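Inside the fold
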Amino acid sequence: MKQTVQLTKIQEKMQPGIITRDGFLGTDRRNLIDILVEDDASVKRMDLTHEIIARRMMDLRDAGSRGLGNFISVAPHFEVRVDSVRGKLPCPFGDPGIFPKTNMTVKNLDTGKTVTFTDLHIHMIGSHGFYEGKGSPFRLEPEELASVLEVEKPQD
Ligand SMILES: [Zn+2]
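Residues numbered from 1 in each chain as written. Predicted model: local features only at pLDDT ≥ 70, side-chain atom pairs only at ≥ 80, totals over all residues. Heavy atoms only, no water.

Looking at the sheet that holds strand β5 (residues 103-108)
With antiparallel pairing, the four strands of this open sheet are ordered in space as β1-β2-β5-β6. Bordering the open sheet on either side are β1 (72-74) and β6 (113-118), each of which pairs with just one other strand. Taking each pair of neighbouring strands and ignoring which way they run, the sheet shows an average axis angle of 25 degrees. Where β5 meets β6, six bridges bridge the pair, whose relative direction is antiparallel. Looking across to β6, one finds that M104 is bridged to F117. Running at roughly 80 degrees to strand β2 (residues 78-83), helix α3 (residues 50-64) makes contact with β1, β2, β5 and β6 of the sheet. (Pairing = 2+ DSSP bridges. Helix = DSSP H or I, 4+ residues; strand = E, 2+ residues; numbered from the N terminus. Axes fitted to C-alpha atoms, helices over the stretch in contact; angles between N-to-C directions. Contact = heavy atoms within 4.5 Å.)

Topic: the coordination of the zinc ion
On the protein side, the zinc ion has C91 (SG), D95 (OD), D95 (OD), H123 (NE2) and H128 (NE2) as donor atoms, found 2.0 to 2.4 Å from it. Site description for the zinc ion: donor spacing in sequence, C-x3-D-x27-H-x4-H. (Donors = N, O, S within 2.8 Å, 3.2 Å for Na, K, Ca; no water.)

Regarding the pairing of β2
Of the two faces of β2, only one is covered, namely that formed by F78, V80 and V82; the face formed by E79, R81 and D83 stays uncovered. In this structure, the hairpin formed by β1 and β2 is closed by a connection of three residues. Where β2 meets β5, six bridges bridge the pair, whose relative direction is antiparallel. By the bridge assignment, V82 is partnered in β5 with M104. (Buried < 20%, exposed > 50% of the residue type's maximum accessible area, 1.4 Å probe, protein only.)

Focus on the packing of helix α1 (residues 5-13) against helix α2 (residues 32-45)
One can describe the packing of α1 onto α2 by two numbers: an axis separation of 9 Å at closest approach and a directional angle of 95 degrees. As far as their axial angle goes, α2 and α1 are roughly perpendicular. Between α1 and α2, the contacting residues are L7, I10 and Q11 on the first element and L32, I33 and L36 on the second. A class-by-class count of the residues in the contact of α1 with α2 yields five nonpolar, one polar and no charged. (Parallel < 35°, antiparallel > 145°, perpendicular 65-115°, else oblique. Nonpolar A, V, L, I, M, F, W, Y, C, P; charged D, E, K, R; others polar.)

As far as function goes, none of this settles anything; it's purely spatial.
In structure tokens form, the structure reads like this:
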């Protein structure tokens, strides 16, 4: 798919040392549009949406924030820790808003798997369908994320 000029500008802001030391792209050399399209396809294959995944991340963050920096149990079989870190980050997509550098760690005690994410991840996934580039230390693989968090389609 063809990359727009706007996405190229956004991709420049994702390079190391602009917003964060490591940047958002890792070793991924693809155009941003191709990263977004591939992850969007993965999410569609799971019959989910980016918004549903982001909502689940928010719910677990909110449940875990009662632990005040310690792991606490969250039903049915999770442990969640929410660590507040000083500082805030803007979104590389350039929309208004600045996001606290809060780190969430979610352990799924059923599978033994753990994922770590931030408020900026929640925003970038929910608003932009962006999970970071492959090889980024903070990349969240959509399938892995949905599986560890046991994201389910809401019943309507
Ligand atoms: Zn944004």
